[in-house]
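# Observations on chain architecture
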Amino acid sequence: MTTQPTRADRPAWPKRAVVTAGMPYGNKGLHFGHVGGVFVPADFYARFLRDRLGRENVIFVSGTDCYGSPIMEGFRKRREADDYEKHISDYVRENHDSQEADLASFGVSCDLYAGSALEPAVHIHERVTSEIIRRLHEKGALEKRSTKQFYDRKAGQLLNGRQVLGRCPIQGCKSEKAYADECDLGHQFEPEELIAPKSALTGEAPELVPVDNLYFDLPAYLEYLKGYTEQLEHDPTVRSVVSKTMEEWLNPAQLYIQNKFREAFDAIEGELPAHTVIEPEGNKSSFTVAFPSWRERDEAHEMLNAGGVRFRSGKALVPFRITGNVEWGVPVPNDCGCTDLTCWVWPESLWAPISFTRAVLARDAAKLEAAGADPSGLAECAVSDAELVGDAPAMIMAEPEYTHASLDWRDWWASEDARAYQFIGQDNIYFYCIAQSGMWEALDWNMQQSCVAANYHILYMGKKASSSSQTPPPLAHEMLEHYTPEQLRAHWLSLGLGEKPVSFSPKAFDARVSGKDKDGTEILACNDKRVIDPVLKEGAMLTGVFNRLARSAFYGVAVKEGDESPYRTGCIPAGAPSAKVSAETEQAILAFEQAMHTFELHHALGVCDEFLRAANKRWSDASKAAKNAEDDKLMTQALVDAFHELRAATVLMHGIVPSGCEKICEHFAIAPEVFFSWEHIFETCDELVAELGEQAGTHAIKVLPPRFDFFEKHPSQY
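These notes cover the structure that comes with them. (Residues numbered from 1 in each chain as written. Predicted model: local features only at pLDDT ≥ 70, side-chain atom pairs only at ≥ 80, totals over all residues. Heavy atoms only, no water.)

## A word on the overall build of the protein
- Helix and strand counts for the protein stand at 21 helices and 22 strands.
- By the compact-globule yardstick of 27 Å for 718 residues, the protein fits well, its C-alpha radius of gyration being 29 Å.
- Overall, the protein is about 100 × 80 × 60 Å in size when its C-alpha atoms are taken along their principal axes.
- Each of the 718 residues in the protein was classed as buried or not, and the buried ones make up 55%.
- Of all intrachain contacts in the protein linking residues separated by at least 6 positions in sequence, the fraction that spans at least 24 positions is 76%. (Helix = DSSP H or I, 4+ residues; strand = E, 2+ residues; numbered from the N terminus. Rg over C-alpha atoms; globule rule 2.2 N^0.38 Å. Buried < 20%, exposed > 50% of the residue type's maximum accessible area, 1.4 Å probe, protein only. Contact = heavy atoms within 4.5 Å.)

Right, dumping it as structure tokens:
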């Protein structure tokens, strides 16, 4: 028998929270996977936290990842194909604005959707980059290393990141693409390990030349990361994919060598640095060579290559590159061991959310100063950051009208009563949970480790959704030609991407042959009336069940000419909900909150679905019984129950389908910051109305027009 939760079992929440969503590259628009796989879950969580903690205690940031080789390659190709003459920053701004517009159309509500190279965050991001790199240098966590970098002699330039293509050298990796020092599944390796490299610029095989760069000594934090990973294994709020993936990177430094190279290996084994050979078990086709550290392993690379021994590397901690030598990047201070370098895109993208948070707080400081606040009474860091901000275009998303509870960024990222919730794809766990965790520990700023919500891939028609595949998924804005934003939000949240990869198979885009007509002509699934659209399952709950409950409540109390029923007052009816309704509403609230605490977003939606269907049926049965008995008291009680359940359901569903829920709030005629606040979540309507300074039964609702829909179907669905 399942134990029902009680108020005593409610989870603890932080005083302040930052929510982040993985940053898309600035070389293209968004396909549906960006929106449905990361941004909608993050937005749901941010909206919930604003209601749960107070909107002034939550900051939701993300933005365009403006730097790196993908952007440089996209810009180069754009110039060659379209005679594009603008600067690379203009190219990135255009893509950023397209991304923000798409996200806004799906109801994503960032406090700031910034760009690492764009106003208002660019100069704050440069400051944060300098502060972090200098701090790591001061703590002795950086080292200058001379490593190999690819050089295209025909093009006459060094190659970075995606300017090199090859095959991933990591044992067991199934990546389709590997670049200079990482594959598209997030595996890190040294450039000389890349298999069959080719220059993306000329198609030639590039050569390796020595270059100096700064590296973070990530292997020095192995023991810390082991302890931290073990801690996460026992944390119910952390998805198992996070700790399992982290464990894979904490193994000893190893190489895997096929048995057919055993004779060649034996011939040079005596020249190798300290190592241990682990013989293959059973019918395994390779043996393992384990080294004390990555240094000995890397030292063995050249010897093995010279001896004709091919190998693959196992996952292990290696120094994390901090700098690069591309012009389009964040400048790195020259007093940290190297000169005239820029920051590699991955590390600066990890602290970009801190930069964006500071940009939000700088905006708050500027607003308060403009309203007459004394700058000396504001957080010094926010005032100073505000001085770095130049002219920036207005946000496409709605900019918050309020300011936040604290303007000191440390109260959000380096305080024990704050938490950062970071929504990412599973292939970025290494960066956010291994590299970032090690750096945050090294900074010694009391940085609170993030709670990372890593989603599995959202598939498209059963295959991985990739804009570089032969059948790229539809762009985000194309989805809105067939579905409403709220239908899509609800469906994506129902998929349970925190547990496994799930296919998104919208009927409107399904080009499979599903049958033939009477003439023998093939019928595509998208045109086949027999094919059910899986996207509309949750939408039917909105346009049917949720709509009916809301309309029934508001129309039920509406003043009606010729109807003198005592409940037709145009006001929220007075009275206490029945014991059964109170109990079931409380159980739904508690179950929803617990699901949100453990990032089981699809379970939270399931709680709402079940609760709404039960409430709608209760209203249907109770109102029918009252009409049949011609009993005004029974009808009044049915309406009291319906309003109680409708208000709770609307608060719970707010982060899932915000637009429709805010329309319901509007017709309750209660300010959103009061209506959606969890301070009132367990109150009856009478108690909430009393807090508004009104008597029960006197709070007038906004009149609902005839045949009004809070949740509409897409025009193409009629």
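## Section: the layout of surface pockets
- Estimates place the volume of the second largest pocket at around 900 Å³.
- Lining the second largest pocket are 36 residues, and of these Arg 47, Arg 50, Tyr 402, His 654 and Glu 662 lie nearest its centre.
- Residue assignment for the lining of the second largest pocket shows that the elements contributing at least two residues are α1 (32–53), α3 (88–105), α14 (485–494), α19 (658–668) and α20 (672–675).
- At five residues, the largest contribution of residues to the lining of the second largest pocket is made by α1.
- Of the residues in the lining of the second largest pocket, the class split is 15 nonpolar, seven polar and 14 charged. (1 Å grid on protein atoms, 1.4 Å probe; cavity = no way out; pocket = protein on both sides within 12 Å on 5 of 7 lines; lining within 4 Å. Points joined across faces, edges and corners; volume = space filled by probe spheres on them. Nonpolar A, V, L, I, M, F, W, Y, C, P; charged D, E, K, R; others polar.)

## Considering the pattern of salt bridges
- Tallied over the full model, the rule gives 41 salt bridges.
- Here Arg 10 ties to Glu 593 by a salt bridge, and the two come within 2.7 Å at their closest N and O atoms. With a gap of 583 residues between them, Arg 10 in the segment before β1 (16–21) and Glu 593 in helix α16 (residues 579–597) connect regions that are remote in the sequence.
- On the accessibility criterion, Glu 593 (0% relative accessible area) is buried.
- For the salt bridge of Glu 302 with Lys 148, the shortest nitrogen-to-oxygen distance reads 3.9 Å. Of the two residues, Glu 302 sits in helix α8 (residues 294–306) while Lys 148 sits in strand β4 (residues 142–152), which places them 154 residues apart along the sequence.
- With a relative accessible area of 31%, Lys 148 lands in the partly exposed category.
- Where salt bridges share partners, they join Asp 43, Arg 47, Arg 489 and Glu 662 into one cluster. (Salt bridge = Lys/Arg side-chain N within 4 Å of Asp/Glu carboxyl O.)

## What about a negative patch on the surface?
- Judged by side-chain charge, Glu 56, Glu 679, Glu 687 and Glu 691 come together as a negatively charged surface patch.
- Mapped onto the elements of the fold, Glu 679 is located in the loop between α20 and α21 (685–691). (Patch = residues over 30% accessible without salt bridge, like charges linked within 9 Å, V, L, I, M, F, W, Y side chains within 5 Å. Areas by Shrake-Rupley, 256 points an atom, 1.4 Å probe, with all protein chains shown as cover. Lys, Arg positive; Asp, Glu negative; His and termini not counted. Charge placed at Lys NZ, Arg CZ, Asp CG, Glu CD.)

## Examining the sheet that holds strand β8 (residues 207–216)
- Strand order in the open sheet formed by four strands is β5-β4-β8-β13, and the pairing between neighbours is antiparallel. Every other strand in the sheet has two partners, leaving β5 (157–158) and β13 (320–321) as the edge strands with one partner each.
- Where β4 meets β5, two bridges bridge the pair, whose relative direction is antiparallel. Bridging from a neighbouring strand, Tyr 151 pairs with Leu 158 of β5. (Pairing = 2+ DSSP bridges.)

## Here we look at the packing of α16 against helix α17 (residues 601–629)
- Put simply, α16 and α17 touch, their axes get as near as 7 Å, and they point 165 degrees apart. Classified by the angle their axes make, α16 and α17 are roughly antiparallel. The two elements α16 and α17 cross, and the hand of that crossing is left-handed. Residues Lys 580, Val 581, Glu 584, Thr 585, Ala 588, Ala 591, Phe 592, Ala 595 and Met 596 of α16 form the contact with α17, whose participating residues are Leu 601, His 603, Ala 604, Val 607, Cys 608, Phe 611 and Arg 618.
- Looking at the contact of α16 with α17 residue by residue, the class counts come to 11 nonpolar, two polar and three charged. (Axes fitted to C-alpha atoms, helices over the stretch in contact; angles between N-to-C directions. Parallel < 35°, antiparallel > 145°, perpendicular 65-115°, else oblique. Left-handed = near helix turned anticlockwise from the far one by under 90°.)

## Describing helix α2 (residues 69–82)
- Relative to the 20 Å expected for 14 residues at 1.5 Å per residue, α2 spans 19 Å between its end C-alpha atoms, a close match to the ideal helical length.
- The complete set of buried residues in α2 reads Ser 69, Pro 70, Ile 71, Glu 73, Gly 74, Phe 75 and Arg 76.
- Packing partners of the buried residues in α2 comprise α3.
- Note on α2: the residue one or two positions beyond its end, Asp 83, has a positive phi of about 55 degrees. (Expected span 1.5 Å × (residues − 1).)

## Looking at the sheet that holds strand β20 (residues 502–504)
- One open sheet holds the three strands; their spatial order is β19-β18-β20, and the pairing between them is mixed. The open sheet terminates on both sides in strands that have one partner only, identified here as β19 (463–464) and β20.
- Pairing of strand β18 (residues 458–460) with β20 involves three bridges; the strand directions are parallel. For Ile 458, the partnering residue across the bridge sits in β20 and is Val 502.
- Against the sheet, α1 touches β18 and β20, its axis set at about 150 degrees to β18.

## What about empty space enclosed by the protein?
- Throughout the structure, instances matching the rule amount to five cavities of 30 Å³ or more.
- Considering only enclosed or pocket space, the largest cavity measures out at about 240 Å³ in volume.
- Taken together, 22 residues make up the lining of the largest cavity; nearest its centre are Asp 181, Phe 189, Pro 191, Tyr 215 and Arg 321.
- Put simply, the parts of the chain that give the lining of the largest cavity at least two residues each are β4, β8 and β13.
- Looking at which element gives the most residues to the lining of the largest cavity, the answer is β4, with four residues.
- Classifying every residue of the lining of the largest cavity by side-chain character gives 12 nonpolar, six polar and four charged.
- Looking at the second largest cavity, it is lined by 19 residues, and the ones nearest its centre are Gly 68, Ser 69, Gly 161, Trp 344 and Val 345.
- The residue inventory of the lining of the second largest cavity, partitioned by class, reads nine nonpolar, six polar and four charged.

## Description of the side chain of Ser 623
- In this fold, Ser 623 is placed in helix α17.
- Under the relative-accessibility criterion, Ser 623 is labelled buried at 8%.
- Reaching out from Ser 623, the side chain makes a polar contact with the backbone oxygen of Ser 620 at a distance of 3.3 Å. (Polar contact = N/O pair within 3.5 Å; in protein donor to acceptor, adjacent residues only side chain to side chain.)

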